[in-house]
Structure formats: C-alpha cells, structure tokens
Amino acid sequence: MSEPVNPTPTTPGATTGPVTGLAAGRAPAAGAGPALDVTTAAADALRSDEEARREASFERQRRLRQEPRFPGGPAADPAGSHHERRIRSFQPRRSRVTTGQEEALQRLWPVWGLDIDGRRVLDLPTLFDGLPVVLEIGFGMGEATARMAADDPSTGILAVDVHTPGQGNLLALAERAGVTNVRVANGDAIILLREMLEPAALDGLRVYFPDPWPKTRHHKRRLIQPEFLDLVARRLKPGATVHCATDWEPYAEQMLDVLTAHPLFENTRPDGGFAPRPAFRPLTRFEGQGLDKGHVVHDVLFTRAEDGPGPSPTGR
C-alpha cells in the first residue's frame, strides 16, 4: 500500500499549512503583541511628524503675515491680535508692487503714512496742520484722492486702504502733484474710527465704490450698515457730510435706506432720493469704464444732524 501524498511540500525551515499573519500582509493574530506594538509606534511617529510639519508651516505663514513687505513701510497686520476679529467689509489682496510704488512707500511712508494699530488716539489738528479733515475709506489706486486733494488744499484727507500698491501709488501721485494735505492710513477703518479718533473729529466721510458683496449670504459684510453709521455719527461734527457712491444698484438702495432711517443723518436732497455727482468727486477711469458698459452710478449725500452726540455704547 502506497504512502499518502502530502499536498504541501516541505523544505527545511518552511511552515506547513497556509501562510498567515504578517507574511500575508495582514495584522498579526491575537497574542502577537510585540509586532503590533512596533507597527502602531511607526504609525504614531508618522502622524507626529506630519503634525509637526503642519504646525511649522502655519507658524511660517503667520510670521509672513506679520512681517512688513517693505521695511519702514506699512505693516502687514498693524492691529495684530490685540483687537477682536470680526466680519470684515474688505478683502485684503496682495498684488505686484511696481518699482515706483515701492520707492514711494519706502521714502514717503515715514512722512505721510500711518498704521492703524488701535493703540493710540490720533491728533488730527497736528497731523494736518489745523485743516478740517475728511475720512476716505477705500481709495483704490488713489487717482481720485490725489485729484481731490490738489483741487481743495484747504481740506485734509485721511485716506484708508489695505491695498499696498494703491498706498504706494497715492503717495507717489501726491508728491508729483505737490500736495501735502493727504495722509495714508493702512488697516481696518473700523478700528481707526472706534479706537483712534476723538468724538466729533471729522468734517466728512467719503466711501466711493466699496465692495458690493453681491451674494445674499455676504450682505452682512457690506460697510454701510446701521451699526457702522452709529460709529460714524460719534466721530463726525454736526453738519459734516457723508458721501457714498456705487455702481451696484441694490447696494445704492441699501445705502439710501439705512442713511434715511438713521436719526442722526439728513438727506441733502429735498426729494429724499439720490444726489447728482458733486463736482468735487472726479470721474475716475474705473467709473468711466463702468459707464461705457451701461452701469448706473448713484451718489448718496447726507449731513450729520445737529441734534445729539449720537449713540455711544463705549463711552466715546
């Protein structure tokens, strides 16, 4: 009688039967503690290394945001972390700075520029040599601001924006026009109004073509809101002018509605509607392009009422 045939040939050192455990690429069976511990420790080490790399990357990005692009020029984040974060009405953007703009920033920022850090109250009479001061929020590349400053040297313009090329361009344009009644402020205009200006410090406010935030879910980011007007009313002198302009009709209607509803602002139009473009507001290249495309530009012109200092929840 013949011997039974073994279906699994054997060799010295080989294991008979099916291959199991780590050799099959699967987790070790119960009881194989040391091998499992080694695998888990390796995975934990990989995760730890990845987390460390992410944290180092975040830290590098944070430092870059805080470092000025031009030494001696506008700070990257002037208010830093010492003021609460909020829904912002502007979108900071970095774009290429030309050689001329960079040169103007480095040379003229120490003379005509200031960072909105929220740590001090500005002495506007000293800053502007006693001139009445109008605050302009959002000046783009500064062409209209420089022209208004040149046309009316008896009025100081405190121009606020976060766009570095525009800041450099306005400084260069002001110097070229020989005007000295412009100061360029870098940072959040809300912090400037709330923390850095005295009550009744301003003779006017200009907001030309702010971001319309057209999507419904973004309307809360629009600058012209009742709460913003409460703050503005505390910083404007009685009789001061609030002048807004936009080519986005739904936003124009919102501007007109919220200013009309506010008890401390009065429409300069007897009919309560939009105003024609005042002669002192230049027609900019951007606006001209919009008009060529059929856009309708609306101006809203109100004055600060004489009665009452306005709501002051912060005591200022």
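Calculation criteria
Residues numbered from 1 in each chain as written. Predicted model: local features only at pLDDT ≥ 70, side-chain atom pairs only at ≥ 80, totals over all residues. Heavy atoms only, no water. Helix = DSSP H or I, 4+ residues; strand = E, 2+ residues; numbered from the N terminus. Buried < 20%, exposed > 50% of the residue type's maximum accessible area, 1.4 Å probe, protein only. Contact = heavy atoms within 4.5 Å. Areas by Shrake-Rupley, 256 points an atom, 1.4 Å probe, with all protein chains shown as cover. Salt bridge = Lys/Arg side-chain N within 4 Å of Asp/Glu carboxyl O. 1 Å grid on protein atoms, 1.4 Å probe; cavity = no way out; pocket = protein on both sides within 12 Å on 5 of 7 lines; lining within 4 Å. Points joined across faces, edges and corners; volume = space filled by probe spheres on them. Nonpolar A, V, L, I, M, F, W, Y, C, P; charged D, E, K, R; others polar. Polar contact = N/O pair within 3.5 Å; in protein donor to acceptor, adjacent residues only side chain to side chain. Phe/Tyr/Trp six-rings, centres within 6.5 Å; stacked < 30°, edge-to-face > 60°. Lys NZ or Arg CZ within 6 Å of the ring centre and 35° of its normal. Core = buried A, V, L, I, M, F, W, Y, C linked by side-chain atoms within 4.5 Å. Expected span 1.5 Å × (residues − 1). Pairing = 2+ DSSP bridges. Axes fitted to C-alpha atoms, helices over the stretch in contact; angles between N-to-C directions. Bend = angle between axes of the 7 residues up to and from the residue.

Caption draft 1: Quick peek at the overall build of the protein chain. Each helix and strand in the protein chain was counted, giving 9 helices and 8 strands. Expressed as a percentage of its 316 residues, the buried residues of the protein chain come to 41%. Nonlocal contacts in the protein chain, meaning residues at least 24 apart in sequence, comprise 79% of its contacts between residues at least 6 apart. In the structure as shown, the protein chain presents an accessible area of about 17,600 Å², 55% of it carried by carbon and sulfur atoms.

Caption draft 2: Layout of the pattern of salt bridges. Tallied over the full model, the rule gives 8 salt bridges. Residue R120 pairs with D117 through a salt bridge whose shortest N-O separation is 3.7 Å. Taking the relative accessible area as the measure of exposure, D117 reaches 16% and is therefore buried. Between K237 and D203 there is a salt bridge, with the nearest N and O atoms lying 3.2 Å from each other. Placement of the pair is K237 in strand β6 (residues 236-246) and D203 in strand β5 (residues 202-208), with a sequence separation of 34 residues.

Caption draft 3: Quick peek at the layout of surface pockets. What the largest pocket holds in volume is close to 1,000 Å³. The residue makeup of the lining of the largest pocket, split by class, is 20 nonpolar, 9 polar and 13 charged.

Caption draft 4: Here's a closer look at the side chain of E287. Within the secondary structure, E287 is located in helix α9 (residues 285-292). For E287, a relative accessible area of 4% corresponds to the buried category. Ignoring sequence-local partners within four residues, the contact set of E287 consists of F209, R277, R281, P282 and V297.

Caption draft 5: Up close: unusual backbone geometry. Although it is not a glycine, F209 sits at a positive phi angle of roughly 55°. Examined against the element boundaries, F209 turns out to sit in the loop between β5 and α7 (226-235). One non-glycine residue, W213, lies in positive phi territory at about 40°. Checked against the element boundaries, W213 lands in the loop between β5 and α7.

Caption draft 6: Spatial organisation of the side chain of H262. Examined against the element boundaries, H262 turns out to sit in the loop between α8 (249-261) and β7 (265-267). Residue H262 is classed as buried on the basis of its relative accessible area, which comes to 8%. A distance of 3.1 Å separates a polar atom in the side chain of H262 from the backbone nitrogen of L264.

Caption draft 7: The arrangement of the packing of aromatic side chains in detail. The full count for this structure, using the stated rule, is 0 aromatic pairs. Above the ring of W213, the side-chain terminus of R221 is found at 5.4 Å from the ring centroid. Over the ring of Y208 we find R281, and its NZ or CZ is 5.7 Å from the ring centre.

Caption draft 8: Broad picture of the nonpolar core. Counting residues in hydrophobic clusters, the biggest one holds 43 residues, and the most contacted among them are L124, L135, L158, L192, I224, F228 and F265. Looking at this core, the elements with two or more residues in it are β2 (133-137), β3 (156-161), α6 (189-195), β5, α7, β6, α8 and β8 (298-304). Setting aside its immediate chain neighbours within four residues, L192 contacts I116, L122, L135, L158, V160 and L197. Within the second largest apolar cluster, 21 residues are counted, among which are A104, I157, V184 and Y208.

Caption draft 9: Summary view of α8. Between the first and last C-alpha of α8 there are 18 Å, a value that for 13 residues agrees with the 18 Å anticipated at 1.5 Å per step. Among the residues of α8, those classed as buried are Y251, A252, Q254, M255, L256, V258 and L259. Buried-residue contacts for α8 involve α7, β6, β7 and β8.

Caption draft 10: A look at the sheet that holds strand β1 (residues 113-115). Within the open sheet, the 8 strands sit side by side as β1-β4-β3-β2-β5-β6-β8-β7. Their pairing is mixed. Each of the sheet's edge strands pairs with one partner strand only, and the pair in question is β1 and β7. Ignoring which end each strand starts from, the neighbouring axes of this sheet average 25° apart. Where β3 and strand β4 (residues 182-186) come together, 5 bridges link them in parallel fashion. Residue pairing across strands places D161 opposite N186, the latter belonging to β4.

Caption draft 11: A look at helix α2 (residues 99-112). For α2, spanning 14 residues, the distance from its first C-alpha to its last is 19 Å, which sits close to the expected 20 Å at 1.5 Å a residue. Of all the bends in α2, the largest measures some 40° and sits at Q106, one to four residues before the proline P110. For α2, the complete set of buried residues consists of Q101, A104, L105, L108, W109 and W112. Buried residues in α2 make contact with β1, α5 (164-177) and β4.

From the geometry alone we can't say anything about function, so treat these as descriptive.
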